[in-house]
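Structural features, examined
Residues per chain are reported as follows:
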There are 2 protein chains.
Amino acid sequence: MNMREIARRAGVSSATVSRVINGSNAVTAETARRVQVILDEAKFIPNPSATTLKYGRSKTYGLVIPDICNPYFSEFLAAFEAALEQIDHEMLLTSVQDAEGLLRSVRRMLMRQVDGAVLMGSEFETQAIEPLLQRRIPIVTLDRRSTDAGRSDVAIDYESGFTEAVLHLRSLGHDRIGFIGGYPQMQTSKLRVNAFRQALQAADLRYDATLVKPGNYRVPGGEAAMAQLLDLPEPPTAVLHANDLSAFGAMLGAHKRGLQVPRDISLIGTDDVLLSEVMHPPLTTVRIPRKRLAQLCIEALEHTKRQEDGRGAQFSLKTELVVRGTTAPPRQARRSTNKPRVRRAPQ
Amino acid sequence: MNMREIARRAGVSSATVSRVINGSNAVTAETARRVQVILDEAKFIPNPSATTLKYGRSKTYGLVIPDICNPYFSEFLAAFEAALEQIDHEMLLTSVQDAEGLLRSVRRMLMRQVDGAVLMGSEFETQAIEPLLQRRIPIVTLDRRSTDAGRSDVAIDYESGFTEAVLHLRSLGHDRIGFIGGYPQMQTSKLRVNAFRQALQAADLRYDATLVKPGNYRVPGGEAAMAQLLDLPEPPTAVLHANDLSAFGAMLGAHKRGLQVPRDISLIGTDDVLLSEVMHPPLTTVRIPRKRLAQLCIEALEHTKRQEDGRGAQFSLKTELVVRGTTAPPRQARRSTNKPRVRRAPQ
DNA sequence: CTGTTAGCGCATTCAG
DNA sequence: CTGAATGCGCTAACAG
């Protein structure tokens, strides 16, 4: 069933049918109505391939994510898909692990003539996305904190989020706060460590590099890092994590040592993955609002598209501290003092 | 950059370029080589819209899943996407919660001219997918255990999987085994309860309806169901679960009652979601091999497409018991007897 | 206000 | 073995 057939049945030309479908007002109400009836009763379904072929625009946005199995990404994916449905666009999803995968991904996006692309997982060769930029396809990256011609960026405001988290801990009486991060080589990992550092500063707490351990954004990494922290002569009384999976791992590690959370150690995650709430105890975490993030990515895409000069813009997303069950005063609650920390005898 | 331009540069016709791209052997090796060089240096990227428009085939398969956020589905999604990449096909992903969503999903698949569709979440109106069947688009459903013209089905063999699980428990000495299922109205839930029943029979154990509680395939449902089981005058010493999330919830519930797993109660999940392994203790579970399932779905699709008469076929997937840390002998281990069960005084 | 026409890029006839 | 011509469905430009 195509427009010509509809046109034939309605006794008009296919151009008129097209106009009716696209809501052009250059059609008599009466004609439009008549065509609409035929359209409905034939259950007409337009063929987007024709439009894409003609205009090189596909009403689809590409989404590149590093790992669908990570709940943070799958939850983002769900939000992104929902947001796209709102604006009547399709999604071209590609899961990319390595540089070669990114190349294939870019090729697929080019073939499918995407109107824009969101690149999560900020660690990629800029060169690989050159072809996209060249064809003036708007790009949005995450957490790169830089923009280019044709590329906007959405940054998560870890600085303010971690500050909120650290202040929460300090108000409970903690002054020895550790941090479990991501892969140390990754740019985003460094970003988060720096944000943690700033947060300590804002809370008037001293930064102690021995309390900062790398993880790998996954459970086993968090567990191993926690083991290292607990092996310290003077372990932290609270730990902030670069993401929730790390915090899950750390909690596991603490439990294995016979510690109770939050009685013996307080934990704060980052992301607010769905499962955080059902952990035991439920995880206190710095929520990255997924829905808002997805919308912001799309806004950023549309913004970039609109720019005459193609300049990308820097967007920023605030987090929200969600206090649940993994934070409590430290074992021997003390009034917080001006002195950076009070030495305690190792137990 | 299109084929005509390549043809011009190579001094041939676009038909020849097309033949080279598609590996037709009706081209001189020399000509083919020359064209290939131009193709490479121009970094030619074909436009699938043209092909789709011309032939109504899109090299894309639709995937309908109920909930991307559920790790079982997101892990399947990852496997499916990888399998599609192997056969050089695209994926049209739609997340469908309700009947109306399915209608929209079908419409999108029709527009995009998918060559087939995999429908997970077997609870849907058959009528909604009629348009797909009418256009002879192959369909694969999961766990419906019935086929149609143009629709094949892939069933998970819960019967053998649960039997293996129950035998494992019985060999440890359990004879009071509970079951936490899914939504009681759902067809798949009934399927699993029946499979559990058969498993008990195969293990020579009596079926006791009071030990079977509905859940909702998610953590809170499992937790609530476990609470009910533990409130029984004589609770089970082991519980099998319709999926892993339920088992997570049950484990949580048991812990909250001060029970230790597996010392006080043994737990077995179903699915083998990635996080199962990092639970504490790690979950013993009936693995549904995700990768194999994805491949099987695609095989089923291709099979259905090949059938002249369009008859669908029934496929079946075996599970694998993965024994980890949530199963152990019951508190007072006893030799299993021929008598269905030994009454113990309620504690 | 409505119809005619042309062309997006490709693969497949059919000629040569 | 190669090329010319065709049409898939749609919409913008133009003509009426």
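Preceding this paragraph is the structure being described.
The paragraphs below set out a description of the structure included in this document. (Residues numbered from 1 in each chain as written. Chains lettered and ligands numbered in written order. Predicted model: local features only at pLDDT ≥ 70, side-chain atom pairs only at ≥ 80, totals over all residues. Heavy atoms only, no water.)

Here we take up helix α9 (residues 187-202) of chain B. Residues and elements named next belong to chain B. Along its 16 residues, α9 runs 23 Å from first to last C-alpha, staying within 8% of the 22 Å computed at 1.5 Å per residue. Those residues of α9 that sit buried are Thr188, Ser189, Leu191, Arg192, Ala195, Phe196, Ala199 and Leu200. For α9, the secondary structure elements touched by its buried residues are α8 (158-172), β6 (177-180), β7 (212-213) and β8 (238-241). Asp204 sits one or two positions beyond α9 and adopts a positive phi of about 65 degrees. (Helix = DSSP H or I, 4+ residues; strand = E, 2+ residues; numbered from the N terminus. Expected span 1.5 Å × (residues − 1). Buried < 20%, exposed > 50% of the residue type's maximum accessible area, 1.4 Å probe, protein only. Contact = heavy atoms within 4.5 Å.)

Below, the discussion takes up the relation of the copies chain A and chain B. Applying a rotation about an axis and a shift along it to one chain copy brings it onto the other copy. Mapping chain A onto chain B is achieved by rotating through 180 degrees and translating by 0.1 Å along the same axis, at an RMSD of 0.1 Å. Viewed as a symmetry operation, the transformation between the two copies matches a two-fold axis. Across chain A, the rotation axis passes nearest the C-alpha of A:Ser49, at a separation of 2.5 Å. Take the interface residues of chain A: 100% of them recur as interface residues in chain B, which is what a same-surface contact looks like. (Least-squares fit on C-alpha atoms with pLDDT ≥ 70 in both.)

On to the interface of chain A and chain B, then. Interfaces are often sized by the amount of accessible area the parts lose when they come together. Of the residues lining the interface, 40 residues belong to chain A; the matching set on chain B comes to 40 residues. Where chain A abuts chain B, roughly 3800 Å² becomes buried across the two surfaces, and 63% of that area is made up of carbon and sulfur atoms. Joining chain A to chain B, the criterion identifies six salt bridges. A salt bridge links B:Arg104 to A:Glu85; the nearest nitrogen and oxygen atoms lie 2.7 Å apart. The interface formed by chain A and chain B contains four residue pairs in polar contact (both at pLDDT 80 or more). Only α4 (48-55), α5 (71-86), β2 (90-95), α6 (99-111) and α11 (244-256) of chain A provide two or more residues apiece to the side of chain A that touches chain B. Residue composition of the side of chain A that touches chain B, grouped by class: 21 nonpolar, nine polar and 10 charged. (Buried area = accessible area lost by both parts, 1.4 Å probe. Salt bridge = Lys/Arg side-chain N within 4 Å of Asp/Glu carboxyl O. Polar contact = N/O pair within 3.5 Å; in protein donor to acceptor, adjacent residues only side chain to side chain. Nonpolar A, V, L, I, M, F, W, Y, C, P; charged D, E, K, R; others polar.)

With that out of the way, let us pick up the sheet that holds strand β8 (residues 238-241) of chain A. Residue and element names in this part refer to chain A. Read from one edge of the open sheet, six strands run β7-β6-β8-β9-β10-β12, paired in mixed fashion. Edge strands, defined here as strands with exactly one partner in the open sheet, are β7 (212-213) and β12 (320-322). In terms of strand pairing, strand β9 (residues 266-271) meets strand β10 (residues 284-287) through four bridges, oriented parallel. If you follow Gly269 over to β10, its bridge partner there is Thr285. (Pairing = 2+ DSSP bridges.)

In this section: the packing of α8(B) against α9(B). All names here are of chain B. For the pair α8 and α9, the least separation of the axes is 8 Å and the interaxial angle reads 50 degrees. Between α8 and α9, the crossing angle belongs to the class labelled oblique. In terms of crossing hand, the pair formed by α8 and α9 is right-handed. Residues Tyr158, Glu159, Phe162, Thr163 and Val166 of α8 lie in contact with α9, whose contacting residues are Leu191, Arg192, Ala195, Phe196, Gln198, Ala199, Leu200 and Ala202. Grouping the constituent residues of the contact of α8 with α9 by class yields nine nonpolar, two polar and two charged. (Axes fitted to C-alpha atoms, helices over the stretch in contact; angles between N-to-C directions. Parallel < 35°, antiparallel > 145°, perpendicular 65-115°, else oblique. Left-handed = near helix turned anticlockwise from the far one by under 90°.)

Next up on the list: the protein's contact with DNA strand D. Neighbouring DNA strand D are 27 residues; A:Met3, B:Arg19, B:Thr28, B:Thr31 and B:Lys54 lie closest to it. The sugar-phosphate share of atoms of DNA strand D within 4 Å of the protein amounts to 69%. In this structure, a phosphate oxygen belonging to DNA strand D sits 2.5 Å away from a side-chain N or O atom of B:Thr31. Those elements that provide at least two residues to the surface near DNA strand D are α1 (3-10), α2 (14-21) and α4 of chain A together with α2 (14-21) and α4 (48-55) of chain B. Taken together, the residues that form the surface near DNA strand D break down as 11 nonpolar, 11 polar and five charged. (Near = heavy atom within 4 Å.)

In short, the description is geometric, and any link to function would need to be established separately.
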